[in-house]
Amino acid sequence: MKKVLIADKADAICERILKERGLEPVVKTGMKPEELKACIAGFDAIIVRSATTLTKDLIEAAANLKAVARAGSGVDNIDVPACTEKKVVVMNTPFGNTVSTGEHAIAMMMALARHIPQANASTHAGKWEKKKFEGVELTGKTLGVVGCGNIGGVVVERALGLKMNVLVYTPNMTAERARKLGAQMAGLDELYQKSDFITYHVAMREATKGLLNKEAIAKMKKGVRLINCARGGIMVEADVKEALLSGQVAGLACDVFVKEPATEHIFFGMENVIATPHIAASTKDAQVTVARQAAEQIADYLLTGKRTHAVNGDKL
Ligand code: MLT
């Protein structure tokens, strides 16, 4: 019987489906790299979320590995070239958590506009600081969406419903997609110059590393508010902090950090930063969907060879 390691916390449906399909799931979460290395050769497939990092070293030790499934979208915690070299297919579930992630970005934008976390903490502390928490309206304001794939698209549609003007930037964006979404296409500089709020929905790759940096911030409106529910590495955190201190950036809502788990950080304690612990996709709905999809994709591949959302499919 083929064995599948569920290496990160996933909804119970994942294990159930693997069993129903005649595979042997083994749930072992929170393993240190050495522990994982010691047992990885015993598995035909591995399912991860974001907690486990599958390095080249681990992939090389995985003598029987045929497939890796990422219950989520980002595959930056998996050494995909190392998998490709070993003919291991890597699949993700790119649509399973897009709505949850997009909704979190919208919630972060609203929280930024009305200082909701800060006002909540102050009110619980018995301070009644009514004057301190004057916010801004979203209606009529311009939202810049950098990266308009599945998640960016969800954000655009919701923001239009909030009566915002929406500018989108994505390399290779077609006029047809922008028209269908009802958004306006813009160059990145134009988006930076015109937006009151900017939200990032790009994948972490070489081209997006440090995209949100000093130079980008200098092109933005003074008092812009930023939302990052994508990846910490797309911003130069020290540059963003400097801009938050100077007032060039009025507020940051941030779900992701360069180093995670982030238990200490240069943003922590800043009044104009709202932080959440990489929970944009953490809804019951999304987690059931991605766990189910990852299990089905692994079962399909191991039992029939069918590949779904294989990120290295063209290279195997
Ligand atoms: C993703 O890449 O799917 C999201 O960031 C959520 C996650 O990492 O679990």
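Residues numbered from 1 in each chain as written. Predicted model: local features only at pLDDT ≥ 70, side-chain atom pairs only at ≥ 80, totals over all residues. Heavy atoms only, no water.

*Asks:* Which parts of the structure should I look at to understand the packing of aromatic side chains?
*Replies:* Geometry of an aromatic ring pair is reported as the spacing of the ring centres plus the angle between the planes. The full count for this structure, using the stated rule, is 1 aromatic pair. When the centroid spacing of 5.9 Å and the interplanar angle of 75° are considered together, the rings of Phe 257 and Phe 268 count as edge-to-face. Here Phe 257, found in the loop between β11 (249-254) and β12 (273-275), pairs with Phe 268, found in the loop between β11 and β12; they are 11 residues apart in sequence, far enough to count as distant. Assessed through its relative accessible area of 7%, Phe 257 is described here as buried. When its relative accessible area of 35% is taken as the criterion, Phe 268 is described as partly exposed. The residue whose ring lies beneath Lys 3 is Phe 43, and the NZ or CZ to ring-centre distance is 5.6 Å. (Phe/Tyr/Trp six-rings, centres within 6.5 Å; stacked < 30°, edge-to-face > 60°. Helix = DSSP H or I, 4+ residues; strand = E, 2+ residues; numbered from the N terminus. Buried < 20%, exposed > 50% of the residue type's maximum accessible area, 1.4 Å probe, protein only. Lys NZ or Arg CZ within 6 Å of the ring centre and 35° of its normal.)

*Asks:* Honestly, the site of the ligand in this entry has me stumped. Any pointers?
*Replies:* For the ligand, the full set of nearby residues is Ser 50, Arg 70, Gly 72, Ser 73, Gly 74, Asn 97, Arg 231, His 278 and Ala 281. Arg 70 is positioned such that a nitrogen or oxygen atom in its side chain is 2.7 Å from an oxygen atom of the ligand. Considered on its own, the ligand offers 260 Å² of accessible surface; in the complex 91% of this is hidden by protein. A breakdown of the residues in the shell around the ligand according to their chemical character gives 1 nonpolar, 6 polar and 2 charged. (Near = heavy atom within 4 Å. Polar contact = N/O pair within 3.5 Å; in protein donor to acceptor, adjacent residues only side chain to side chain. Areas by Shrake-Rupley, 256 points an atom, 1.4 Å probe, with all protein chains shown as cover. Nonpolar A, V, L, I, M, F, W, Y, C, P; charged D, E, K, R; others polar.)

*Asks:* How should I be thinking about the sheet that holds β11 in this particular structure?
*Replies:* Sheet strands pair via backbone hydrogen bonds, and the direction of the pair is either parallel or antiparallel. Reading across from one edge, β8-β7-β6-β9-β10-β11-β12 is the order of the 7 strands in this open sheet, with parallel pairing throughout. At either margin of the open sheet sits one strand with a lone partner, and together these are β8 (184-185) and β12. Sheet topology places strand β10 (residues 224-228) next to β11; 5 bridges connect them, and they run parallel. Bridge pairing links Arg 225 to Gly 251 in β11. (Pairing = 2+ DSSP bridges.)

*Asks:* Before we go on, may I ask you to explain the sheet that holds strand β3 (residues 45-48) in this structure?
*Replies:* If you walk across this open sheet you meet the 5 strands as β2-β1-β3-β4-β5, and the pairing is parallel. Two strands lie at the open edges of the sheet, namely β2 (24-27) and β5 (89-92), each paired on one side alone. Strand-to-strand twist in this sheet, taken as the mean axis angle between neighbours without regard to direction, amounts to 20°. Relative to β5, strand β4 (residues 67-70) runs parallel, the two being bridged by 4 bridges. Residue Ala 69 lies in a different strand from β5, and its bridge partner there is Met 91. This element, helix α12 (residues 284-304), spans β1 (3-6), β3, β4 and β5 of the sheet and lies at about 165° to β3. (Axes fitted to C-alpha atoms, helices over the stretch in contact; angles between N-to-C directions. Contact = heavy atoms within 4.5 Å.)

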